[in-house]
Amino acid sequence: MPGETCNVALIGSKFMGRAHSNAYLKVAKFFDLPVAPVMHTVAARNAEDVAAFAKRWGWQNASTDWRATATSDEIDLVDVVTPNNVHCEHTLAALEAGKHVACEKPLAATLDDARQMVAAAKNAKGKSFVWYNYRRCPAVALAHQICKDGKLGRIYQIRGCYLQDWAGPDTPLMWRFQGEVAGSGALGDLCAHTIDTARFITGDEVSEVVGATMETVIKERVILEGGGGEISGRGAQTAQKTGASTVDDIVLFVAKMQSGALATFEATRLSTGYKNSNRIEIHGEKGAIRFNFERMNELDWYDATLPENLQGWSTINVTNGNANHPYAGAWWPVAHVLGYEHSFINETADILSVIGGQDPVVPLPDFADAYEVQRVLAAVTASSEQHTPIPLSEIQ
Ligand SMILES: NC(=O)c1ccc[n+]([C@@H]2O[C@H](COP(=O)([O-])OP(=O)(O)OC[C@H]3O[C@@H](n4cnc5c(N)ncnc54)[C@H](O)[C@@H]3O)[C@@H](O)[C@H]2O)c1
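None of these values were measured; they are calculated from a predicted model. (Residues numbered from 1 in each chain as written. Predicted model: local features only at pLDDT ≥ 70, side-chain atom pairs only at ≥ 80, totals over all residues.)

Draft legend 1. Main features of the site of the ligand. Around the ligand sit 19 residues in total, of which Gly12, Lys14, Phe15, Met16 and Glu104 are the nearest. The dominant element in the shell around the ligand, judged by the number of residues it contributes, is helix H1 (residues 15-30), at 3 residues. Here the residues of the shell around the ligand are counted per class, giving 8 nonpolar, 6 polar and 5 charged. (Near = placed C-beta within 6 Å. Helix = DSSP H or I, 4+ residues; strand = E, 2+ residues; numbered from the N terminus. Nonpolar A, V, L, I, M, F, W, Y, C, P; charged D, E, K, R; others polar.)

Draft legend 2. Here's a closer look at the sheet that holds strand S13 (residues 277-284). One open sheet accounts for 9 strands, arranged S16-S15-S14-S13-S7-S12-S11-S8-S17; its pairing is mixed. With partners counted over all chains shown, the strands left at the sheet margins are strand S16 (313-317) and strand S17 (390-391), one partner each. Strands in contact with helix H10 (residues 367-386) are strand S8 (206-215), strand S11 (250-257) and S17; relative to S8, the strand with the most contacts, it is inclined by about 55°. (Pairing = 2+ DSSP bridges. Contact = placed C-beta atoms within 7 Å. Axes fitted to C-alpha atoms, helices over the stretch in contact; angles between N-to-C directions.)

Draft legend 3. Region of the structure containing the sheet that holds strand S1 (residues 4-11). In spatial order, the strands read S3-S2-S1-S4-S5-S6; together these 6 strands make up an open sheet with parallel pairing. Bordering the open sheet on either side are strand S3 (61-63) and strand S6 (128-130), each of which pairs with just one other strand. The average angle at which neighbouring strand axes cross in this sheet is 25°, direction not considered. Across 3 bridges, strand S5 (residues 100-103) lies against S6 in parallel orientation. Paired with Ala102 across the bridge in S6 is Phe129. Sheet strands in contact with helix H4 (residues 87-96) are S1, strand S4 (77-80) and S5, and its direction is about 165° off that of S5.

Draft legend 4. Spotlight on the packing of H4 against helix H5 (residues 111-122). Between H4 and H5, whose axes approach to 10 Å, the crossing angle comes to 10°. One way to sum up the angle between H4 and H5 is to call them roughly parallel. Seen from H4, the contacting residues are His87, Cys88, Thr91, Leu92 and Leu95; seen from H5, they are Asp113, Gln116, Met117, Ala120 and Ala121. Partitioning the contact of H4 with H5 into residue classes produces 6 nonpolar, 3 polar and 1 charged. (Parallel < 35°, antiparallel > 145°, perpendicular 65-115°, else oblique.)

Draft legend 5. Region of interest: helix H8 (residues 186-202). Taking 1.5 Å of rise per residue, 17 residues should cover 24 Å, and H8 covers 23 Å from first to last C-alpha, within 8% of that figure. The largest bend along H8 measures about 35° and falls at Ala192. H8 sits mainly inside the fold: 17 of its 17 residues count as buried. (Expected span 1.5 Å × (residues − 1). Bend = angle between axes of the 7 residues up to and from the residue. Buried ≥ 20, exposed ≤ 12 C-beta atoms within 10 Å, placed from the backbone.)

Draft legend 6. Local environment of the domain arrangement of the chain. For the chain, the assigned domains read domain 1 (4-130) and domain 2 (137-333 + 377-384). At the interface, 12 residues of domain 1 touch 13 residues of domain 2. Residues belonging to the side of domain 1 that touches domain 2 are distributed by class as follows: 8 nonpolar, 3 polar and 1 charged. (Domains from an automatic or database assignment.)

Draft legend 7. Molecular detail of the pairing of S4. The two faces of S4 match: Leu77 and Asp79 on one face and Val78 and Val80 on the other face are all buried. Bridge count for S4 against S5 is 4 bridges, and the pairing is parallel. Bridge pairing links Leu77 to His100 in S5. Note that the unit made of S4, H4 and S5 has a crossover that is right-handed. (Right-handed = clockwise from strand over helix to strand, strands pointing away.)

Draft legend 8. Representation of unusual backbone geometry in the model. Along the chain, Lys105 connects to Pro106 via a cis peptide bond; the corresponding omega equals -15°. In this fold, Pro106 is placed in the loop between S5 and H5. One non-glycine residue with positive phi stands out, namely Asn324, at about 65°. For Asn324, the position within the fold is in the loop between S16 and helix H9 (340-355). You can call Asn324 exposed: it has 10 C-beta atoms within 10 Å. With phi around 70°, Ala335 is a residue other than glycine that occupies positive phi space. Along the polypeptide, Ala335 turns up in the loop between S16 and H9.

Draft legend 9. The arrangement of the nonpolar core in detail. Core analysis: the biggest nonpolar cluster contains 116 residues, and Cys191 and Val251 have the highest contact counts within it. When residues are assigned to domains, this core turns out to be shared by domain 1 (4-130) and domain 2 (137-333 + 377-384), each giving three or more. Setting aside anything within four residues of it in sequence, one finds Cys191 in contact with Tyr162, Ala186, Val251, Phe265 and Ala267. (Core = buried A, V, L, I, M, F, W, Y, C linked by C-beta atoms within 7 Å.)

Draft legend 10. Structural view of helix H6 (residues 138-148). Judged by how many residues are buried, H6 sits mostly within the fold: 8 of 11 residues are covered. Of the positions making up H6, those classed as buried are Pro138, Ala139, Val140, Ala141, Leu142, Ala143, His144 and Cys147. The first or second residue beyond H6 is Gly150, which carries a positive phi of 80°.

This is the structure in structure tokens:
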């Protein structure tokens, strides 16, 4: 199949629009792929902005008509990087038109939307993918391999935290604070990643949310009128008026896994001092691993099978292609480190490999896989609202 191409349409053009455009630009330079991406069309709502975006990032066409773009005969893969409440509408149109679809996380704003998306993907001609991109940090992929090889033995405990601090009282009421658009706050924005990472590394599933609490700490935010290119809305124009924030700023929950392991999860956009501390620690009978995205090139491993006098945390620099560190062979010499954008480029390589009939380096989430995260999000919300444990069997 080498020599084949895949015409890509991107729906949305801001934060993730940039991350994904960069990935399409770079991926075929670094990876040998069965199909090469062609940056065919980007669609977004503002004609002037999307034309400038297309020019800057190398898209051949710009459009304000997402539906015509997503269903065009010329398109093979539709990449959805819009807010969560429109993922369903955008992906269903593309799947019905026979396209492959890659959708940003969380799968949807609601469980109902997510369920429809899974059903549509099941019956579709095209394949579905979800951008749980942290799986494609080499250290997280190595943690998955270590766990799969049984090197941690029986897993006792999982500890996941995703900590950011950009959502203080000055941050305007962007879509991320509007429940009807985002679905949830720190839960769907950040904790969804941690839940996916925990499932991915351990191969285990949450069986019960034992207890959860979600808190809207800053209840009123200044209304956003336009502009602002960052997550935090810095530089945006705002109105004098305020409106209600309807999502959680902080979520904490305790879960039981099917294996019997216990897990705690914490996500917040108010953890003053932490910028993007996406961490997971997994403790097993034979050892433990820990990862912090702010040191994304490193995986810490504790080998409890060593003689006691040699036991201690070791730090693996996960950049050695000759040692088969996942994805490292496509990049630079050992310890010439990778960054945020590489997780997206690595995922793009795997998506194009799967479209071309090859295996991904490590498992790629499709809509059915991402639905399992969505069920946990729904269980956490229910547990917090009802002050009660929620078995996952109650969330279908
Ligand atoms: N994988 C990650 O690490 C990661 C990081 C950030 C965001 N995300 C996810 O990516 C998605 C987009 O987030 P973002 O940060 O890029 O948001 P953003 O606000 O920066 O960009 C959203 C884009 O969608 C467009 N848009 C909004 N509503 C639309 C509609 N109804 N029809 C067509 N276009 C519309 C906007 O014009 C904009 O171009 C969300 O689902 C978010 O959860 C994932």
